[in-house]
Amino acid sequence: MDISVIVPVYNEDESIGELKDWITKVMESNNYSYEIIMVDDGSTDESWNMIETMSKSDSRVKGIKFRRNYGKSAALNTGFKQAEGDVVITMDADMQDSPDEIPELYKMIKEQKYDVVSGWKKKRYDPISKTIPSKFFNFTARIVTGIKLHDFNCGLKAYRNTVVKSIEVYGEMHRYIPVLAKQAGFNKIGEKVVQHRKRKYGVTKFGLERFVNGYLDLLTVSIVSKFGKSPMHFFGLMGTLSFFVGFIILGYLSFAKFAWNQYQMTDRPLFYFGLLTIIFGTQLFLTGFTAELISRSSSDRNNYLIEKEIGDFPNKK
């Protein structure tokens, strides 16, 4: 199979029918073999009923329904597990991503041998309250991750199948899939300017809090990518340094007390600072030790309660 298109869906009954027809038109005009996997992330409208109807009339449309809303990362991760296409395309269901971009994204993966190609909505139709924070966020992400992408948040991306089978997307890490891919050893990451269409239906599902969450996730992915396999290297180092500073302070105060006998140790604020750094260092060290034990015995992070599935999935339980 040439292409798997994964579409996370959350209350998008107004748009998914039109989106499916558009994707079908593009695929058939280019003679691609394909599947469309729509992951209903706990929608409360008629989205799932529409997916069922489309699947009955077209076997290439497959559906997965979560019992409740787990978030975009969960939807993508579940779709990745089931995707059979050589190239996996992700796009949002709100019609702001254009399926007309699919052929070029496909060629960049197959012919130019990219592992990941991320869309760049160079010209956006969002209000300035979203565009300015987004530019600043993407600038920070480029500095921290070392991946030169202009638009980490763009939902329109293309992946080699081996990439999506080698990574795990959890929490809110969908913004940083290229980072996870690089961490897994897929280093050829490209970018393509794509069309950003004005919203035709509904309202955005994301508020301003996503920018705060985005920075927290950026901090998480940067630490996890460096210390995820050996958390003791981070917490142990910080704990050792803190403990050492406290030990030096208390050692100096003890020497001053017995050598010069000029004051009580507990009369000096420096004593409490030294005591605090020793306690803090000990806690960091124990945190690293606990994290090390957890990392060596952790089970799968993603455990989503799937209510229904439609279509012939290869990994169907």
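Above this text sits the structure in question.
This report concerns the structure included in the present document. Predicted, not measured: the structure shown is a model, and the values here were computed from it.

**Some details on the sheet that holds strand E5 (residues 116-120)**
Strands sit in the order E7-E5-E6-E4-E1-E2-E3-E8 across an open sheet of eight strands; the sheet is mixed. Two strands bound the open sheet, and with one partner strand each, they are strand E7 (189-193) and strand E8 (306-310). Averaged over all adjacent pairs, the angle separating strand axes in this sheet is 15°, with direction ignored. Examined bridge by bridge, E5 and strand E6 (residues 157-160) share three bridges and lie antiparallel to one another. When the bridges of E6 are listed, Val116 appears paired with Tyr159.

**As for the pattern of salt bridges**
With the rule as written, the count across this model stands at 11 salt bridges. With its nearest N and O atoms 3.1 Å apart, the salt bridge here joins Lys121 to Asp97. Highlighted residues: Lys121 in the loop between E5 and helix H5 (128-145) and Asp97 in the loop between strand E4 (87-90) and helix H4 (102-110), separated in sequence by 24 residues. Lys121 sits in the buried class, given a relative accessible area of 9%. Residue classification places Asp97 among the buried residues on the basis of a relative accessible area of 1%. Here the salt bridges share partners, and the residues they tie into one network are Lys20, Glu28, Asp58 and Arg60.

**Observations regarding the packing of aromatic side chains**
In total, this model carries seven aromatic pairs according to the counting rule given. Centre to centre, the rings of Phe271 and Tyr272 are 5.2 Å apart; their planes meet at 80°, and the pair counts as edge-to-face. Residue classification places Phe271 among the buried residues on the basis of a relative accessible area of 15%. Using a relative accessible area of 47% as the deciding quantity, one classes Tyr272 as partly exposed. Connected via pairs of aromatic rings, a cluster forms that spans Phe137, Phe152 and Tyr176. We note Lys188 situated over the ring of Tyr114; from NZ or CZ to the ring centre the distance is 5.0 Å.

**Observations regarding the nonpolar core**
Side chains of a nonpolar character, in soluble globular proteins, are inclined to be buried together. Formed by 35 residues in total, the largest nonpolar core has its most connected members in Ile3, Val5, Val7, Ile89 and Met91. Broken down by secondary-structure element, the contributors of at least two residues to this core are strand E1 (3-9), helix H1 (16-29), strand E2 (34-40), helix H2 (47-57), E4 and H4. Ranked by residue count, the leading element in this core is H1, at six residues. Beyond its immediate sequence surroundings of up to four residues, Ile3 is in contact with Met27, Tyr32, Ser33, Tyr34, Glu35, Gly85, Val87, Ile89, Ile102 and Tyr106.

**Describing helix H9 (residues 232-260)**
With 29 residues, H9 should cover 42 Å at 1.5 Å per step; its first-to-last C-alpha distance of 40 Å lies within 8% of that length. Buried within H9 are the following residues: Gly236, Gly239, Ser242, Gly246, Ile249, Leu250, Leu253, Ala256 and Lys257. Backbone geometry just downstream of H9 places Asn261 in the positive-phi region, at approximately 50°.

Calculation rules
Residue positions are given per chain, counted from 1 along the sequence in the order it is written. It should be noted that, the model being predicted, local features are given only for residues of pLDDT at least 70 and side-chain atom pairs only at 80 or more, the latter also being counted only at that level, while totals for whole chains, interfaces and linings use all residues. Calculation of side-chain values draws on the structure's entire complement of heavy atoms; hydrogens and water are dropped beforehand. A pair of strands is labelled paired if DSSP reports no fewer than 2 bridges between them. Note on conventions: DSSP H or I runs of at least 4 residues are helices, E runs of at least 2 residues are strands, and numbering of each starts at the N terminus. Interaxial angles span 0 to 180 degrees and are taken between N-to-C directions of axes, which are lines fitted to C-alpha atoms, for helices over the stretch in contact. For this document, the term salt bridge refers to a Lys or Arg side-chain nitrogen within 4 Å of an Asp or Glu carboxyl oxygen. Here the term buried applies to any residue with accessible area under 20% of the maximum for its type, exposed to any over 50%, and partly exposed to those in between, with areas from a 1.4 Å probe on protein chains only. Side-chain rings of Phe, Tyr and Trp, where Trp is taken by its six-membered ring, are said to pair if the distance between their centres is within 6.5 Å; with planes under 30 degrees apart they count as stacked, over 60 as edge-to-face, and otherwise as tilted. Only when the NZ atom of a Lys or the CZ atom of an Arg is both within 6 Å of the ring centre and within 35 degrees of the ring normal do we say a charge sits over the ring. In plain words, nonpolar cores are sets of buried Ala, Val, Leu, Ile, Met, Phe, Trp, Tyr and Cys residues tied together by side-chain atoms within 4.5 Å. By definition in these notes, contact holds between two residues if any of their heavy atoms fall within 4.5 Å. In a helix, the anticipated span is given by 1.5 Å times the number of residues less one.

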